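# Tertiary structure, described
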Amino acid sequence: MVSPSGDVLGEGSHEAVGKPHAEVVALEQAGPAAAGSTLYVTLEPCTHHGNTPPCVDAIIAAGVARVVIGAEDPDVRVSGAGMVSLRQSGVEVIDDLMPVEEAETVDPAYFRHRRTGMPTITLKYAMTLDGSIAAVDGSARWVSSEAAREDSHRLRAEMDAIVVGAGTVRSDDPRLTVRLEGYEGPQPVPVVVAGEGDLPEEAAIWERSPLVIASSSRPIPTGSLVVVEGVGGLPDPGAAARAIADRGHLDVLLEGGSDLAGAWWREGVVNRGVIYLAAKLGGGRGISPLGGVFSRIEEATEVEITSVRSLDGDYRVEFERII
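Procedures and definitions
- Position labels on residues start from 1 in each chain and follow its written sequence.
- Given that the model is predicted, a residue must reach a pLDDT of at least 70 before its local features are reported, and side-chain atom pairs must reach 80 or more before they are shown or counted; all residues, however, enter totals for whole chains, interfaces and linings.
- Neither water nor hydrogens contribute to the side-chain values; these are computed over all heavy atoms in the structure.
- Per the convention used, a helix needs a DSSP run of H or I reaching at least four residues, while a strand needs a run of E reaching at least two, with both numbered from the N terminus.
- Exposure categories follow from relative accessible area, calculated using a 1.4 Å probe and restricted to protein chains: below 20% of the type maximum is buried, above 50% is exposed, and the middle band is partly exposed.
- The contact criterion used is simple: two residues touch if any of their non-hydrogen atoms lie within 4.5 Å.
- All accessible areas in this document rest on Shrake-Rupley with a 1.4 Å probe, and a residue is counted as covered only by the protein chains that are shown.
- Note on pairing: two strands pair once DSSP finds at least 2 bridges between them.
- Axes here refer to lines fitted to C-alpha atoms; in helices the fit is confined to the stretch in contact. Angles between the N-to-C directions go from 0 to 180 degrees.
- Small angles under 35 degrees read as roughly parallel and large ones over 145 as roughly antiparallel, with 65 to 115 read as roughly perpendicular and the rest as oblique.
- Should a side-chain nitrogen of Lys or Arg be within 4 Å of a carboxyl oxygen of Asp or Glu, the pair is scored as a salt bridge.
- One number per residue, pLDDT, summarises how confident the predictor is, and it ranges from 0 to 100.
- It is the directions from the helix axis to the C-beta atoms whose arc is reported.

### Describing the overall build of the protein chain
Helices and strands together make up the secondary structure of the protein chain, namely 9 helices and 14 strands. Dimensions of the protein chain along its principal axes, counting C-alpha atoms only, are 70 × 45 × 40 Å. Burial statistics for the protein chain: of 323 residues in total, 44% are counted as buried. Look at the contacts in the protein chain between residues 6 or more apart in sequence, and 67% of them connect residues 24 or more apart. When the accessible surface of the protein chain is split by element, carbon and sulfur atoms take 49% of a total near 16500 Å².

### A look at the sheet that holds strand 7 (residues 211–214)
One open sheet accounts for 9 strands, arranged 8-7-6-5-11-4-12-14-13; its pairing is mixed. Across the chains shown, the open sheet's two edge strands, defined by having one partner strand only, are strand 8 (224–227) and strand 13 (303–311). Within the sheet, the average angular offset between the axes of one strand and its neighbour, ignoring direction, is 20°. Here strand 4 (residues 120–127) pairs with strand 11 (residues 251–256) via 4 bridges, running parallel. Bridged to I121 within strand 11 is V252. Packing against the sheet, helix 8 (residues 237–246) makes contact with strand 4, strand 5 (161–165), strand 6 (189–194), strand 7, strand 8 and strand 11, and its axis sits at approximately 155° to strand 7.

### Quick notes on the packing of helix 8 against helix 9 (residues 258–267)
Angle between the axes and distance between the axes are the two parameters that describe a pair of packed helices. Look at helix 8 against helix 9: their axes get within 9 Å of each other, and the N-to-C directions meet at 95°. As judged from the angle between their axes, helix 8 and helix 9 are roughly perpendicular. Of helix 9, the residues touching helix 8 (which contributes P237, G238, A240, A241 and I244) are A263, W264 and E267.

### So, the pattern of salt bridges
In a structure, side chains of opposite charge can pair up when their charged atoms sit close to one another. Evaluation of the coordinates by the stated rule reveals 12 salt bridges. R309 is the partner of D151 in a salt bridge, and the nearest nitrogen-oxygen pair spans 2.9 Å. Taken together, the positions of D151 in helix 6 (residues 146–157) and R309 in strand 13 put the pair 158 residues apart, joining distant regions of the chain. Classification of D151 by relative accessible area gives buried; the value is 3%. Classification of R309 as partly exposed rests on a relative accessible area of 35%. A salt bridge links R316 to E318; its shortest N-O distance comes to 2.8 Å. There is no split in this pair, since R316 and E318 are both buried. What emerges from the salt-bridge pattern is a single network uniting E150, D151, R154, R272, R309, R316 and E318.

### Some remarks on the confidence of the model for the protein chain
Counting all residues, the mean pLDDT for the protein chain is 91, and 99% of those residues have values of 70 or more. Ranking the elements of the protein chain by mean pLDDT puts helix 4 (residues 100–106) last, at 77, and strand 12 (residues 272–277) first, at 98.

### Things to note about helix 3 (residues 81–88)
Listing the buried residues of helix 3 in full gives G82, M83 and L86. For helix 3, the arc enclosing every buried residue in end-on projection is 95°, short of the 170-degree limit, so these residues lie on one face. Where helix 3 is buried, its residues contact helix 2 (55–62), strand 2 (66–71) and strand 3 (92–94). Following helix 3 by one or two positions, G90 adopts a phi angle in the positive range, close to 90°.

In structure tokens:
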């Protein structure tokens, strides 16, 4: 948001579900100076009541003179209605809309969800050069270097939610938090996918009120439980992913364990991946990153490697699934 003389009055971003949208954050920073200003937005301001009130109402009430919009909102509840409402209230709207492909690079998870109802799921794991994420006894600290682990926390900081299976909760007792020096941003929502086995009553994850997705009802100490259809005693991957997205978590990090990661990969709900390839060899058969059976080479899925970079001797390999 800028004044008529070009001074920056406020700026913002939408940090998490239920928190103010970027427009409202910028308006609050600007205060009374917002009157007569120009507001630049990536996405068309919303017109509906969801977790927060309509942004167009706040823009009009603040007396903003002009709004420059990068892309029309693909959400059917908005989809041009925001621009109409602003113009009807006397606000000048400049809708030099960028190509859809370019707009999606700003927030691909949002656009994917509005098209499909599904989140963008990133599979993440660290493994030895010979393909093990852990030894057969389950020990995995530490497969990767300190630099790789720090990078993985930066990846966590980009996400709305982190998903693990009940087995990981039982064996590792994770908190699923971003642990970076000086980090003060939002923490991703912890999600536990549970099969038919019991969840431990005493676990660090309960301190964070997780979202628990299961195929049958069961008591949980804290958080919220969502029951979805099951397959072989486990929540159906597609139904579980959709349940996460329905709660507004669109950028999702899948951290395992092996059986959960394998099931979600084979079901096709994983869109991309980040692998930390450690400068280590297990020297034998350990635990595979993806549980299940790889029977024939024809079953392999093609991916596009989009980035490879060194991290203190380890390598970070990023890829996208070819659909």
